[in-house]
Amino acid sequence: MVVTAARMRKLAGRLAFGFSVFVIVSPAILVMLWMLSLSLKTEVDNMSFPPVFVPSPPTLANFLDVFEKNRIETYFLNSVIVSGLATLVAIAVGVPAAYGIAKAQAHKLAMLTLIARITPALSYLIPLFILFQWIGLTGTIWPIVVTHLVITLPIFIYVMIGFFEGLPQELEEAALIDGCTLWQAFRYVALPLARPGIVVGAILSIIFSWNNFVFGAVLGGRQTRTLPVAVFNMLTFEQVSWGPLAAAALLVTLPVLLLTLLIQKEIVGGLTAGGVKGA
Amino acid sequence: MNGGPRQVGAGYKSQYLRFAYPALAITAAVIVFPWAFTVYMSLHDWKIGQQREFVGLANFARLAGDERFLESIGHTLYFTVLAVLLPLIIGTAAALVFNERFPLRGLFRAIFILPMMATPVAVALVWTMMFHPQLGVLNYLLSQLGLPPQLWVYSPQTVIPSLVLVEVWHWTPLVMLIVLGGLASAPTEPYDSAKIDGASPWQVFRHITLPLIMPFLLVAAVIRTIDALKAFDTIFVISQGGPGTASETINLFLYLQAFSFYNIGYASAVTIVFFVLIVILAMVLLWLRQKAKWS
């Protein structure tokens, strides 16, 4: 009897634990599922109360509507160009910079990336907005790419500094003793080892650049707005038709969510390193 | 920082710094230049499309008497206090759960962190629909629980708590990850001896876990405070600072001044005051962290 009582208690404990896992993840799941549900329902079902939870039958009409009435392809391409270019530049200058900062232990320079994180985005936007007006670049995509460097460069350098500090020193030291220049030791020894870190840093900067709204909202023109801005404009200009709005919201965020699920372990590692060292 | 001696690397410090020159050049252009230019602009009466005039500190003097701005500080602090404390509490609870081993833990953790990776505008759109007083799913859920319907973001009284709800949903995962990092690095010996002494789970948490993760909680508090003060996208999409100016935070006020009224000089002054406020609050929390470390 004692054994079964203990077993029962263990089982109850497990059930309680399972329930707490369920409670903790359910807000995330429910909101995402609700977005999916809204995007797959007819307008009649979306406007009914009590709400219809499961679309029956599901319809793709909202997605077709979004593609018909908006140039989603253009905005998607804009977002890809902006996040892609801003991340490529961050990689090109960020990898050597993070290496140099980690090696020289230049903590003051590392602090600079922190201060960049503290500064409100709008305080970069006002002066750069004026500057681009003077140069005559407003309306093109270049101002958006340049301002997105404010997002990608600090994130990327931050992740990479942590990564380089964690790499073993011996191989490079051996290379230097063998007569390599610092550049060669970096290029042929450290860089190949840094590849996993570069992947994590690049993905994080792509995601945060993809998600950014305010830079594109202020600097983007009709042709050059990014995807989040285009979706926001649907809300203000087309008035509330829930199905297409939810479909558009899903289209914007789906690439990011899938990326997160696919490489969650690496992302968690990168975020934890960045977060914990963040202050 | 790994402790080991670096005889070979140490002599090359200035040469290693050259690796950072291209990044520093870009940083100077897109980060340092805007800071300097903001200070310059804040000293001028400057509207886009008009002559600018040097006015010294007049913009700052005007800010001190601008009731709408002073109110926005109050809204920001109210929003920030809630949007820091709630994620800290819920995030810690979630981290304690994810610190246990259980089947499919990786998958559940990935789902849990989805909100913080999701595009804020998309999230805000969905919440806007959920907040709808007549057709929204939240009021339906309340009615199922026997609770009266709420006006959510449509009433000046509930708009900030409602926006906090979105912020908590959005950013609790970051707190969870930071605390989880702290739990992972905690030593196991104190737990073993507590088990032998027959301590209750609450006693274990209160007297062993909490002190161990305190530095991590303070880091999370700093990051959360900075991000909550800077919150913009979801507020801008969901309430636009309304109803009236009931949820107008400093950042929203700043945006309106700069890009609706084109008061560039005045907006720059707001930026500087805002930045100083953020730095002060971050410093206070970092100071608390130092204190926690030494005691």
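So, about the nonpolar core. One finds Phe164(A), Phe79(B), Trp127(B), Met176(B) and Phe259(B) to be the most contacted residues of the largest nonpolar core, which totals 184 residues. By residue number, the principal contributor to this core is helix H9 (residues 159-184) of chain B, which donates 16 residues. Shared between two domains, this core holds at least three residues of each, these being domain 1 (2-60) and domain 2 (62-276) of chain A. Filtering out sequence-adjacent residues up to four positions away, Phe259(B) remains in contact with Leu122(A), Leu125(A), Ile126(A), Phe129(A) and Val218(A).

A word on the packing of helix H7 (residues 142-166) of chain A against helix H3 (residues 21-42) of chain B. The interhelical angle for the contact between H7(A) and H3(B), taken along N-to-C directions, is 135°, at an axis separation of 10 Å. Here H3(B) runs oblique to H7(A), going by the angle between their axes. In this structure, H7(A) crosses over H3(B), and the sense of that crossing is left-handed. Contact residues: H7(A) offers Val146(A), Leu149(A), Val150(A), Leu153(A), Pro154(A) and Ile157(A), while H3(B) offers Ala23(B), Ile26(B), Thr27(B), Val30(B) and Ile31(B). Per-class residue counts for the contact of H7(A) with H3(B) are 10 nonpolar, 1 polar and no charged.

This next bit is on the domain arrangement of chain A. Residue and element names in this part refer to chain A. For chain A, the assigned domains read domain 1 (2-60) and domain 2 (62-276). Domain 1 and domain 2 are separated by 33 Å when their C-alpha centres are compared. Each partner contributes residues to the interface: domain 1 has 11 residues there, and domain 2 has 13 residues. Summed over both sides, the interface of domain 1 with domain 2 buries roughly 960 Å², with 67% coming from carbon and sulfur. Counting the surface domain 1 buries against domain 2, the share from its top three residues, Met-35, Ser-39 and Leu-60, is 50%. Across the contact surface, domain 1 and domain 2 share 0 salt bridges. Summed over the shared surface of domain 1 and domain 2, the number is 7 residue pairs in polar contact (both at pLDDT 80 or more). No other element matches helix H1 (residues 2-39), which puts 5 residues into the side of domain 1 that touches domain 2. Its residues placed into classes, the side of domain 1 that touches domain 2 shows 7 nonpolar, 2 polar and 2 charged.

Further remarks concern the side chain of Thr225(B). Residues and elements named next belong to chain B. As for its position among the elements, Thr-225 is in helix H11 (residues 201-230). With relative accessibility at 7%, the residue Thr-225 sits in the buried group. Apart from the residues lying within four places of it in its own chain, the contact partners of Thr-225 are Thr-80, Val-84, Leu-281 and Leu-285.

All names here are of chain B. Evaluation of the coordinates by the stated rule reveals 4 salt bridges over all chains. For Arg-68, the salt bridge is made with Glu-248, and the minimal N-O distance between the two is 2.8 Å. Taken as a pair, Arg-68 in helix H5 (residues 67-98) and Glu-248 in the loop between helix H12 (233-238) and helix H13 (250-260) lie far apart in primary sequence, 180 residues in all. Owing to a relative accessible area of 32%, Arg-68 belongs among the partly exposed residues under this scheme. You can call Glu-248 buried: its relative accessible area is 4%. The closest approach of N and O atoms between Arg-224 and Glu-167, which form a salt bridge, is 2.9 Å. Of this pair, Arg-224 sits in helix H11 while Glu-167 sits in helix H9; the two residues are 57 residues apart in sequence, bridging distant segments of the chain. Take Arg-224: its relative accessible area is 1%, and that puts it in the buried class.

Criteria and cut-off values
- Residues numbered from 1 in each chain as written.
- Chains lettered and ligands numbered in written order.
- Predicted model: local features only at pLDDT ≥ 70, side-chain atom pairs only at ≥ 80, totals over all residues.
- Heavy atoms only, no water.
- Core = buried A, V, L, I, M, F, W, Y, C linked by side-chain atoms within 4.5 Å.
- Buried < 20%, exposed > 50% of the residue type's maximum accessible area, 1.4 Å probe, protein only.
- Helix = DSSP H or I, 4+ residues; strand = E, 2+ residues; numbered from the N terminus.
- Domains from an automatic or database assignment.
- Contact = heavy atoms within 4.5 Å.
- Axes fitted to C-alpha atoms, helices over the stretch in contact; angles between N-to-C directions.
- Parallel < 35°, antiparallel > 145°, perpendicular 65-115°, else oblique.
- Left-handed = near helix turned anticlockwise from the far one by under 90°.
- Nonpolar A, V, L, I, M, F, W, Y, C, P; charged D, E, K, R; others polar.
- Buried area = accessible area lost by both parts, 1.4 Å probe.
- Salt bridge = Lys/Arg side-chain N within 4 Å of Asp/Glu carboxyl O.
- Polar contact = N/O pair within 3.5 Å; in protein donor to acceptor, adjacent residues only side chain to side chain.

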